[in-house]
Amino acid sequence: MNDESGAPAPEAEESAPPAAPTRQSQRVAVLVVAALFALLGFFAGRWSGDAEREETRAWLNATLQEEFTRQETRLQQMILASRPPDLNDSSTRFTVSAGEAAVLGPAEAGVELIEFGDFNCGFCARFHSETLPQIRERYGDQVRIVYRDFPILGETSTEAAIAARCADAQGQFWPYHDLLFENQGTLGEPGIFLNFARSLDLDPIAFNNCLVEQQPIESIAADFRDAQSLGIRGTPAFFINGRPLLGAREFEAFARIIDEELAAAG
């Protein structure tokens, strides 16, 4: 059937080719791509830098911890090296000299028992009235007794120590020492030290001059400093061939250490 309308038949529509990009759009694209690469590089570098910093931080922490541990160990070693052995452990051994103290027993005795005492100390008095006689009876000249002064119980303790040293100047330390311990309750009475000296037939003028001038005070002070350096805080304190034994102890405690030392000496 013929189309009698006379209208021309529509032509098929063809798609237009894409327009070529302008210079400006090219520049924008380049800038965008460059920015993307820059951001990628930034984050990649940051991730890499963070990893490196974390590794460095871990190494530094480990190194510091190792050094801290080493220093702490060294400090503990220094503290232990400067600290005296435990006074409560009779298996330890101190270096203790007799000083200028009075001695009872021969120099060649197998055991040296050094006491740091105070003439006002009740426990010291008990040792001298009860334990020391047993030691002397059982061991005799095998044990050398040394008395050193640690006057910590008041002014009369120092005065009594001086008086005993003044008696020692006349060869009567041990009898005078016994009188002091036997009469502790009277040590504060006026003239008591001179009265003790007279009872032992000491030269009263020489004794009194020694007492008034405090002639033995430097020797007593040396004993006191030695006791402090050993870490002693109370009386009595004993060292049996350097092995410590503190406080009022029964005879058996002394005998055990003395027997061990005599056995070791052969």
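Quick note: structure is the one above.
Residues numbered from 1 in each chain as written. Predicted model: local features only at pLDDT ≥ 70, side-chain atom pairs only at ≥ 80, totals over all residues. Heavy atoms only, no water.

(A) Representation of the side chain of arginine 243 in the model. If you trace the backbone, arginine 243 turns up in strand 5 (residues 243–246). A polar contact of 2.7 Å, which involves the side chain of arginine 243, links it to the side chain of glutamate 260. (Helix = DSSP H or I, 4+ residues; strand = E, 2+ residues; numbered from the N terminus. Polar contact = N/O pair within 3.5 Å; in protein donor to acceptor, adjacent residues only side chain to side chain.)

(B) View of the state of the cysteines. With the rule as written, the count across this model stands at one disulfide. At a sulfur-sulfur separation of 2.1 Å, the disulfide partner of cysteine 166 is cysteine 210. Disulfide cysteine 166 to cysteine 210: torsion about the S-S bond roughly -85 degrees, handedness left-handed. In this pair, cysteine 166 is assigned in helix 3 (residues 155–168) and cysteine 210 in helix 6 (residues 204–213), connecting sequence segments 44 residues apart. According to the relative accessible area criterion, cysteine 166 is buried, its value standing at 2%. Taking the relative accessible area as the measure of exposure, cysteine 210 reaches 6% and is therefore buried. (Disulfide = S-S within 2.5 Å. Buried < 20%, exposed > 50% of the residue type's maximum accessible area, 1.4 Å probe, protein only.)

(C) Quick look at the nonpolar core. Ranked by internal contacts, the top residues of the largest apolar core, which has 47 residues, are Tyr176 and Phe207. Excluding residues within four positions of it along the chain, phenylalanine 207 makes contact with Ala163, Cys166, Ala167, Gln170, Tyr176, Phe193, Leu194, Ala197 and Leu202. Within the second largest apolar cluster, 14 residues are counted, among which are Ala101, Phe150, Leu230 and Ile232. (Core = buried A, V, L, I, M, F, W, Y, C linked by side-chain atoms within 4.5 Å. Contact = heavy atoms within 4.5 Å.)

(D) Here's a closer look at the pattern of salt bridges. Going through the model one piece at a time under the given rule, you end up with nine salt bridges. Of the charged contacts in the structure, one is a salt bridge between glutamate 261 and arginine 93, with a shortest N-O distance of 3.2 Å. Of the two residues, glutamate 261 sits in helix 8 (residues 251–265) while arginine 93 sits in the loop between helix 1 (23–82) and strand 1 (102–104), which places them 168 residues apart along the sequence. Take arginine 93: its relative accessible area is 49%, and that puts it in the partly exposed class. For aspartate 223, the salt bridge is made with arginine 165, and the minimal N-O distance between the two is 2.6 Å. Here arginine 165 lies in helix 3 and aspartate 223 lies in helix 7 (residues 217–229), a separation of 58 residues in the sequence. Arginine 165 shares its class with aspartate 223; the two are buried. Salt bridges linked by common partners bring Arg93, Arg243, Arg256, Glu260 and Glu261 together as one network. (Salt bridge = Lys/Arg side-chain N within 4 Å of Asp/Glu carboxyl O.)

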